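The lines below spell out each chain.
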Amino acid sequence: MDVDMRMLRYFVAVAEEGSLTGAAARLFVSQPALTKRIRRLEEDLGVRLFTRSRTGMALTEAGRELAARVPTLLDAWDEAVRATGRAARVLRLGFLDAGAVGAVPEAIAEFRRTRPGWRVELRQCDWSDPSGGLARDEVDAAVVRLPFPGQKRWAVRELFTEERGVLLPASHPLAESRTVDFKDLVNEPFVAADGETGAWREHWLAVEERDGHPVRVGAVTSRPDEWLGAVAGGCVALAPASAARFYSHPGVVFRPVRGILPSRVVLAWPRRQTPTPALDELLAAVVRRVSGS
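Residues numbered from 1 in each chain as written. Predicted model: local features only at pLDDT ≥ 70, side-chain atom pairs only at ≥ 80, totals over all residues. Heavy atoms only, no water.

Q: Honestly, the overall build of the protein chain in this entry has me stumped. Any pointers?
A: A count of helices and strands for the protein chain gives ten helices and 13 strands. Over its C-alpha atoms the protein chain spans a radius of gyration of 21 Å, differing by no more than 12% from the 19 Å that the globule rule assigns to 293 residues. On the principal axes, the C-alpha backbone points of the protein chain span a range of 65 × 55 × 30 Å. Here the contacts in the protein chain between residues at least 6 apart in sequence split such that 73% fall between residues at least 24 apart. Here the protein chain has roughly 14600 Å² of accessible surface; of this, 51% comes from carbon and sulfur atoms. Here the protein chain contributes 41 positive and 38 negative side-chain charges, whose respective centroids are spaced 2 Å apart. (Helix = DSSP H or I, 4+ residues; strand = E, 2+ residues; numbered from the N terminus. Rg over C-alpha atoms; globule rule 2.2 N^0.38 Å. Contact = heavy atoms within 4.5 Å. Areas by Shrake-Rupley, 256 points an atom, 1.4 Å probe, with all protein chains shown as cover. Lys, Arg positive; Asp, Glu negative; His and termini not counted. Charge placed at Lys NZ, Arg CZ, Asp CG, Glu CD.)

If you want it as structure tokens, here you go:
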């Protein structure tokens, strides 16, 4: 019987979170998809792993036995993947948007000069995974924006902060303003990320700055082209200042916003016990080039 590693990671997330809802948010997957995976695992093993109730998911005796063994198995697999990458001399660096990447290409060039036999692959993730691929074990490190779900599971180094502004339809009455007060936006329909992105979604809806005022969601997107199209169609969206340089649409304008906190760009990587000198050198180069420290 073959069981893929992703299925086991899903099992561990449900076991640790104690609910499908919490595990789905942590993994950035839909709850129905997660439910299907857990049922498939139970069918493959021929046992019930969880007792389901209104209060959540409780491990059965068989589930507790599996939960005690799987983390060691996953750690060994992750180390095997890292060892394979080291042998192939490949590092994978995830990111979400060009504005956050900044001087990362220069850092990669610096790293290649000191380690000419190594290759660095930049992998862009869409906004359905604000961890930049870390949560799905697809990258060795990532340049991302805080906050994102599960961020305490990774080591984090702040690189810089960036002011947030707003993308408006070109025909919007506020499009003629040089700067917009956030209080003038609270009744607008906002473009939002998927609900499973949790704290990430709330940050880009400025939930903390609304003083309890409800959010109107006009569209849900996970890709820049959909995002800009939704704004051109009548929604508004908060965005980092760099969005004005990297993303354009004839029907969209960017304006600075007063009354909201800036975006924090960080370098994040797995907390690990096995030293990886090449990755440490790349991370150090990114910190030097991007944050200037």
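Q: I'm lost on the packing of helix α1 (residues 5–17) against helix α2 (residues 20–27) in this one. Help?
A: Packed helix pairs are specified by the crossing angle of their axes together with the interaxial distance, meaning the distance between the axes. α2 packs onto α1 with a crossing angle of 130° between their chain directions and a minimal axis gap of 8 Å. By the criterion of interaxial angle, the relationship of α1 to α2 is oblique. With respect to the hand of their crossing, α1 and α2 are arranged in right-handed fashion. Of α2, the residues touching α1 (which contributes Tyr10, Ala13, Val14, Glu16 and Glu17) are Leu20, Gly22, Ala23, Arg26 and Leu27. (Axes fitted to C-alpha atoms, helices over the stretch in contact; angles between N-to-C directions. Parallel < 35°, antiparallel > 145°, perpendicular 65-115°, else oblique. Left-handed = near helix turned anticlockwise from the far one by under 90°.)

Q: What exactly am I supposed to notice about the pairing of strand β9 (residues 189–192) here?
A: Each regular strand displays side chains that alternate between the two surfaces of the sheet. Burial along β9 is two-sided: Pro189 and Val191 facing one way and Phe190 and Ala192 facing the other are all buried. Across four bridges, β9 lies against strand β10 (residues 216–220) in parallel orientation. Bridged to Pro189 within β10 is Arg216. In this fold, the crossover linking β9 to β10 by way of helix α7 (residues 199–204) has right-handed handedness. (Buried < 20%, exposed > 50% of the residue type's maximum accessible area, 1.4 Å probe, protein only. Pairing = 2+ DSSP bridges. Right-handed = clockwise from strand over helix to strand, strands pointing away.)

Q: Which parts of the structure should I look at to understand the layout of surface pockets?
A: Any empty space left between the atoms is revealed when a probe the size of a water molecule rolls over them. In this structure, the largest pocket spans a volume of roughly 1100 Å³. In terms of lining residues, the largest pocket is bounded by 33 residues, among which Arg9, Asp75, Asp78, Asp137 and Arg153 are the most central. Of all the secondary structure elements, the ones that give two or more residues to the lining of the largest pocket are α1, α2 and α4 (61–88). The element contributing the most residues to the lining of the largest pocket is α4, with eight residues. (1 Å grid on protein atoms, 1.4 Å probe; cavity = no way out; pocket = protein on both sides within 12 Å on 5 of 7 lines; lining within 4 Å. Points joined across faces, edges and corners; volume = space filled by probe spheres on them.)

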